[in-house]
Amino acid sequence: MLTAFKAAADAGDMAGLIELLAPEAVYVGDGGGKVTAARRPLQGAELIARLAVRTIEILRPDAYRIIEVNGRPAMATYARGKLVWVDTVEVAGGRITAFRRLANPEKLLHLGHI
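Every chain's residues receive numbers from 1 upward, in the order its sequence appears when written. Where local features are concerned, this predicted model is filtered to residues with pLDDT of at least 70; where side-chain atom pairs are given and counted, the filter is 80 or more; whole-chain, interface and lining totals use all residues. Excluded from the side-chain calculations are hydrogens and water; all other atoms, namely the structure's heavy atoms, are used.

Right, let's get into the environment of Glu-46. As for its position among the elements, Glu-46 is in helix α3 (residues 45-59). The sequence separation of Glu-46 and Ala-25 amounts to 21 residues, and the corresponding C-alpha distance is 9.4 Å. Setting aside chain neighbours within four positions, we find Glu-46 in contact with Met-14 and Ile-18. Runs of E in the DSSP output that reach at least two residues are strands. Runs of H or I that reach at least four are helices, and both are numbered from the N terminus. Between two residues, a contact is recorded if the distance between any of their heavy atoms is within 4.5 Å.

What follows concerns the nonpolar core. As used here, the term nonpolar core means buried Ala, Val, Leu, Ile, Met, Phe, Trp, Tyr and Cys residues forming a set that is joined through side-chain atoms within 4.5 Å. Relative accessibility under 20% of the residue-type maximum defines a buried residue, over 50% an exposed one, and the middle range a partly exposed one, all with a 1.4 Å probe and only protein chains included. Formed by 23 residues in total, the largest nonpolar core has its most connected members in Phe-5, Leu-17, Leu-21, Ile-96 and Phe-99. At the level of secondary structure, the elements contributing two or more residues to this core comprise α1 (2-11), α2 (14-20), β1 (21-30), α3, β4 (72-79), β5 (82-92) and β6 (95-102). Of all the elements, α3 adds the most residues to this core, at six residues. Once you skip the residues sitting within four places of it in the chain, Ile-96 turns out to touch Met-1, Phe-5, Leu-20, Leu-21, Ala-22, Ala-25, Val-89, Glu-90 and Val-91. Counting eight residues, the second-largest nonpolar core is a separate cluster that includes Tyr-78, Leu-83, Val-86 and Leu-111.

Pairing between strands is defined by DSSP: at least two bridges between the two strands are required. The six strands are arranged β2-β1-β6-β5-β4-β3 in an open sheet whose pairing can be described as mixed. At either margin of the open sheet sits one strand with a lone partner, and together these are β2 (42-43) and β3 (63-69). For every element, the axis is a line fit to its C-alpha atoms; helices are fit only across the contacting stretch, and the angle between N-to-C directions ranges from 0 to 180 degrees. Those strands touched by α1 are β1, β3, β4, β5 and β6, and its axis lies near 30° from that of β4. Strands in contact with α3 are β1, β2, β3, β4, β5 and β6; relative to β1, the strand with the most contacts, it is inclined by about 45°.

Stacked, edge-to-face and tilted labels apply to pairs of Phe, Tyr and Trp rings (six-membered ring for Trp) whose centres lie within 6.5 Å, assigned for plane angles under 30 degrees, over 60, and everything in between, in that order. Under the counting rule described, the total for this entry stands at two aromatic pairs. Taking the centre distance of 4.8 Å and the plane angle of 35° together, the rings of Phe-5 and Phe-99 count as tilted. Taken as a pair, Phe-5 in helix α1 and Phe-99 in strand β6 lie far apart in primary sequence, 94 residues in all. Judged by centre distance (5.7 Å) and plane angle (20°), the rings of Tyr-27 and Phe-99 are stacked. Here Phe-99 lies in strand β6 and Tyr-27 lies in strand β1, a separation of 72 residues in the sequence. One exposure class covers both Tyr-27 and Phe-99, and it is buried. Ring-pair connections join several aromatic residues into one group, and the members of that group are Phe-5, Tyr-27 and Phe-99. When the NZ atom of lysine or the CZ atom of arginine is within 6 Å of a ring's centre and also within 35 degrees of its normal, the charge is said to sit over that ring. The ring of Trp-85 carries the charged tip of Arg-101 above its face, separated from the ring centre by 3.9 Å.

Our next topic: α3. Multiplying 1.5 Å by the residue count of a helix minus one yields the expected span of that helix. Compared with the 21 Å implied by 1.5 Å per residue over 15 residues, the 21 Å span of α3 between its first and last C-alpha is a close match. Restricting attention to buried positions, one finds in α3 the residues Ala-45, Ile-48, Ala-49, Ala-52, Val-53, Thr-55 and Ile-56. Down the axis of α3, the sector holding all buried residues measures 160°, keeping them to one side. Backbone geometry just after α3 places Arg-60 at a positive phi near 55°. Regarding the arc, it is the one traced by the directions from the helix axis to the C-beta atoms.

Put into structure tokens, the structure is as follows:
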């Protein structure tokens, strides 16, 4: 699911992203006040899809890696060789119901070796 979401976001495929997300999906970001992140949870497939595409357009990540966080799959994203965020998702009924992005640099330090 993470790989499909990444591919759709990279391609700017709004319809593909919306299809992957449950209509009532929730996005939670953690920038820790150190980097730009949504201050409040966002709800809705279209809003989350727009955010995903826009974030890719702005940051232009250059590498991704599937890793394990808390025993579950996660996607580590890199820009200019630096880990910039880690995404995790919850899936029900074949669609993403919760999307979490950890971008807080202090918390990412613990994952910097990946």
